[in-house]
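The chain contents come next:
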Amino acid sequence: MPSPVLISLDAMGGDHGPPVVVGGVRDYRKRHGGEGVRFLLHGDEAALRAELTKAGLGDDVCEIRHTDKVVAMGEKPATAMRRGKGSSLWNAIEAVKAGEAAAIVSAGNTGALMAIAKLILRMSAHGLERPAIVASWPTLRGVTAVLDVGANIESDAEQLVEFAIMGEAFHQAVHGVERPTIGLLNVGSEDMKGHEEVREAARILREGGFGLDYRGFVEGTDIAKGTVDVVVTDGFTGNIALKTAEGVARFISALLKEALTSGPVAKVGALLALPALRRMQQRIDPSAINGGPLLGLNGIVVKSHGGADARGFGNAIRIAVELARSDYLAKVGHSLNRLTAVLEQPPASAPDAAMETSQ
């Protein structure tokens, strides 16, 4: 029997609010059983009660914590930090800090979520500056974890190594791979390719003694191939890659639908191929990518896309539950402490470069 887990939900966040959040709870329970999982919904009680009634969910599954205060999707992070106390987003995170909930899921304002979560939960290790968002990417081999996909526009070598450490622990916890392989996203696989920071990160990963299965540089085409289990990059590149992949998936789905409804013969062929087509759709469904944990915080925080549907939000809940039931936080803390030690004691093979990195 899995241990009981309470997940805190920002029920007013995102483009759709309560209908998608409650629909996500229902979807999660339908697809994954939901045994031993309960939910704490923060938001407008009247609106949430109406959605719970529609979904057939009772107090044994969901508890409502009323607030009529909401952080707007377009609100600046600094403003949200000053004025957000008592909002559905703030209260959902507070439940994790208090130890009441094991994780929080929100489809709300990304910048506000990051800022408030960092303020309330703090970072998990000394020296960490900002969380990284990780995406679970469908590939030919299964799923690849890609990070950062939007939290850090620029990342230095030390941050890229931090992402590798956190990405490995995430992939172990959520996707069950005992020893994930790791690659740094670059413009080529050769050692001399790329800018200084990505080359320095490669050196630290090779020489740092972290026990990671580092495979070197990978290119953009390697993500969908599943060449490695964890792909590390900065948030600017990662976010563009993620949204490009989502757009391509929708494009392929639209083309298939158009082709398979173009005439009587095509419709008969589509009917015969329906089981295979459904399996393909599930593999490339953008909602499968939905649910990006903010790695590096002293608590589990999962960001859902603002425009996610119920299935997508349900997937974000699944990731939160699996992280909550793992030893992810302890493993990341141990590895990040190892990184600090490595940076304080430069490798003998390249003392000058390492000393510069640690400054």
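Conventions we followed
- Here the residue index of a chain counts from 1 through its sequence in written order.
- Only residues with pLDDT of at least 70 get local features here, since the model is predicted, and only at 80 or more are side-chain atom pairs given and counted; chain-wide, interface and lining totals rely on the full set of residues.
- Computation of side-chain values covers all heavy atoms of the structure but excludes hydrogens and water.
- Strands pair, by our definition, only if DSSP identifies at least two bridges between them.
- By definition, any uninterrupted DSSP run of H or I lasting at least four residues is a helix, any uninterrupted run of E lasting at least two residues is a strand, and each is numbered from the N terminus.
- Angles here are taken between N-to-C directions and fall from 0 to 180 degrees, while the axes themselves are lines fitted to C-alpha atoms, restricted in helices to the stretch in contact.
- Contacts between residues were defined by any pair of non-hydrogen atoms, one from each residue, lying within 4.5 Å.
- Three labels apply to residues, based on accessible area from a 1.4 Å probe with only protein chains included: buried if under 20% of the type maximum, exposed if over 50%, partly exposed otherwise in between.
- Definition of nonpolar core: a set of buried residues of the types Ala, Val, Leu, Ile, Met, Phe, Trp, Tyr and Cys, connected through side-chain atoms within 4.5 Å.
- The salt bridge criterion pairs a side-chain nitrogen of Lys or Arg with a carboxyl oxygen of Asp or Glu, the two atoms within 4 Å.

## A few points about the sheet that holds strand β3 (residues 62-66)
Ordered in space as β3-β2-β1-β4-β11-β10-β5-β6-β9-β7-β8, the 11 strands form an open sheet in which the pairing is mixed. Sheet topology places β3 and β8 (213-218) at the edges, where each strand pairs with a single neighbour. When strand polarity is set aside, the average angle formed by the axes of neighbouring strands in this sheet is 25 degrees. Here strand β1 (residues 5-10) runs beside strand β4 (residues 103-106); their pairing, made up of four bridges, is parallel. When the bridges of β4 are listed, L9 appears paired with V105.

## A word on the side chain of S87
By the element assignment, S87 lies in the loop between α3 (77-83) and α4 (88-97). Leaving out residues up to four positions away in the same chain, S87 has contacts with T67, K69, V70 and V71.

## Side note on the pairing of strand β10 (residues 292-295)
Here β10 shows two buried faces, one formed by G292 and L294 and the other by P293 and L295. Summarising the sheet, strand β5 (residues 132-139) and β10 pair through two bridges and their orientation is antiparallel. Its bridge partner being in β10, A132 is matched across the sheet by L295. Connecting β10 to the next strand, strand β11 (residues 300-303), in antiparallel fashion are four residues, including G296 with a positive phi near 105 degrees.

## Comments concerning the nonpolar core
With 99 residues, the main nonpolar core has I7, L9, F39 and L184 as its most contacted residues. Per-element accounting of this core gives the leading share, 10 residues, to helix α6 (residues 157-175). Every residue in contact with L184, bar those within four places of it in the chain, is listed here: L160, V198, A201, A202, L205, Y214, G216, F217, V218 and V232.

## Some points on the environment of P4
The topology assignment puts P4 in the segment before β1. Residue P4 is classed as exposed on the basis of its relative accessible area, which comes to 73%. For the pair P4 and G36, spaced 32 residues apart in sequence, the C-alpha to C-alpha distance is 4.5 Å.

## Section: unusual backbone geometry
For the bond from L147 to D148, the omega torsion is 5 degrees, close enough to zero to count as cis. Structurally, the position occupied by D148 is in the loop between β6 (142-147) and α6. We note that R122 has phi near 70 degrees; this positive angle belongs to a residue other than glycine. Summarising the element assignment, R122 is placed in the loop between α5 (110-121) and β5.

## Concerning the side chain of T233
Among the structural elements, T233 can be located in the loop between β9 (230-232) and α9 (235-260). By relative accessible area, T233 is classed as buried at 5%. When sequence neighbours within four positions are dropped, the list of residues in contact with T233 reads L147, D148, L160, F163, L185 and G238.

## A word on the pattern of salt bridges
Considering all chains together, one arrives at 12 salt bridges under this definition. D27 is paired through a salt bridge with R31; the nearest N and O atoms lie 2.7 Å apart. With a gap of four residues between them, D27 and R31 both fall in helix α1 (residues 18-32), about one helical turn apart. The closest approach of N and O atoms between E200 and R203, which form a salt bridge, is 2.8 Å. With E200 and R203 both in helix α7 (residues 196-207) and three residues apart, the pair spans about one turn of that helix. With relative accessibility at 14%, the residue E200 sits in the buried group. Via salt bridges that share partners, E45, R49 and D59 belong to a single interconnected network.

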